[in-house]
Amino acid sequence: MALPFHKLLQTLSSGSSIGSAAVAILASYGTDAHIYLPGIGAFDGYTLGNWLDSGGTTPATVDNPVGLVQDGIGTIHALQGTTANKPILRKPSNNYYWEFDGVNDALPLSSVPFSLINDHCVIAGITTINPESGSVKRIFWAEKASPTYRVCCIYTAGGTIQGYWSDGVTPHPVSYAPVVNNESLVFSAQKRGSLLLGRKNGVQFGSAITHTYSDAIPTNATIGNDVSGGGLFSGNIYPIIAIKGTVSDDNLLILERWVGSLT
């Protein structure tokens, strides 16, 4: 049984074993695991590869834009070459985050980490801003057009946080618990076999049945909006983990706890 989120956080402390366990789990997937960490320096052995420019020549600094976030494990980086569209790196207390303005900020990925054919999982730490407005705000989005395949997409809308998959004909949304303004949370969306699953703060809130896909391979992925430039996220994004492969409930909970410690 999953622990309540406040209990998860009570198990964490600086230098606790949860970080070591999370790193070991991620390492077991090799380059099929991808992690995007806001910040400067290093944490739990990962270099926090945040850069001011998309070419990675000038290191990022707090309260300034971020144009490149290097994948901490694999080689799928998040890049934004347009200065006005870069999120801002913040650190008001212990944890770093990227501040997305909901106007034009986004971090497109250099390629897509998985397809609908694969088992996969995305875990994201966020703080919401005005999620009750009804407008859709994308957190993580992967898509193939014509027909429109959407893979492990995470967004807030109308006071809820949701996962979303589409096979080009039938949408498969998975709705979860409500979210409110300025709520910080960890959200995970997962395809495991024929199931689509979603969890908020370590607790499963929704599931759906999917079916066999053939060529549902997305061509674009992004953090902070959808690939057409809409659904711009307004709020703070902390670590994001994307995995191609099957993640057990036990391992998922460890990864959620780790992301929670940084959110």
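Residues numbered from 1 in each chain as written. Predicted model: local features only at pLDDT ≥ 70, side-chain atom pairs only at ≥ 80, totals over all residues. Heavy atoms only, no water.

Enquirer: Could you give me a rundown of the overall build of the protein chain, with the residues and numbers involved?
Expert: Regarding its fold elements, the protein chain presents 3 helices and 19 strands. What you see for the protein chain is a C-alpha radius of gyration of 17 Å, in line with the 18 Å of a compact globule of 263 residues. Along the longest, intermediate and shortest principal axes, the C-alpha atoms of the protein chain span 45 × 40 × 35 Å. Scored against the burial criterion, the 263 residues of the protein chain give a buried share of 55%. (Helix = DSSP H or I, 4+ residues; strand = E, 2+ residues; numbered from the N terminus. Rg over C-alpha atoms; globule rule 2.2 N^0.38 Å. Buried < 20%, exposed > 50% of the residue type's maximum accessible area, 1.4 Å probe, protein only.)

Enquirer: How would you sum up the environment of Asp105? Please name residues and give values.
Expert: Topologically, Asp105 is positioned in the loop between β8 (97-101) and β9 (107-108). Sequence separation between Asp105 and Thr82 is 23 residues; the distance between their C-alpha atoms is 9.3 Å. Discounting chain neighbours no more than four positions away, the residues touching Asp105 are Ala84, Asn85, Lys86, Pro87, Glu99, Phe100, Gly224 and Leu232. One polar contact links the side chain of Asp105 to the main-chain amide nitrogen of Asp101, over a distance of 3.0 Å. (Contact = heavy atoms within 4.5 Å. Polar contact = N/O pair within 3.5 Å; in protein donor to acceptor, adjacent residues only side chain to side chain.)

Enquirer: Give me the sheet that holds strand β5 (residues 68-69): which residues, what numbers.
Expert: Backbone hydrogen bonds are what pair the strands of a sheet, in a parallel or an antiparallel way. The strand order across the open sheet built from 3 strands is β4-β5-β6, with neighbouring strands paired in antiparallel fashion. Single-partner strands in this sheet number two, and they are β4 (50-51) and β6 (78-79). As defined by bridge partners, β4 adjoins β5 across 2 bridges and the pair is classed as antiparallel. Note on β5: the bridge partner recorded for Trp51 is Leu68. (Pairing = 2+ DSSP bridges.)

Enquirer: An account of the sheet that holds strand β13 (residues 160-167) is needed here, citing residue identities and associated values.
Expert: Read from one edge of the open sheet, 6 strands run β9-β18-β11-β12-β13-β14, paired in antiparallel fashion. Lying at the two open borders of the sheet, with one neighbouring strand each, are β9 and β14 (171-178).

Enquirer: Please give an account of the pairing of strand β18 (residues 220-223) that cites residues and values.
Expert: Pairing geometry for β9 and β18, over 2 bridges, is antiparallel. Counted as the bridge partner of Pro108 is Thr222 from β18. Bridge count between strand β11 (residues 137-144) and β18: 4 bridges; the pairing is antiparallel. Residue Phe140 lies in a different strand from β18, and its bridge partner there is Ile223.

Enquirer: Which residues make up the environment of Thr246, and what values go with them?
Expert: Structurally, Thr246 can be placed in the loop between β19 (234-244) and α3 (249-261). With relative accessibility at 45%, the residue Thr246 sits in the partly exposed group. Distance from Thr246 to Tyr29, taken between C-alpha atoms, is 9.5 Å for residues 217 residues apart in sequence. Each residue touching Thr246, except ones within four places of it in the same chain, is listed here: Tyr29, Asp119 and Arg192. Separated by 2.6 Å, the side chains of Thr246 and Asp119 make a polar contact.

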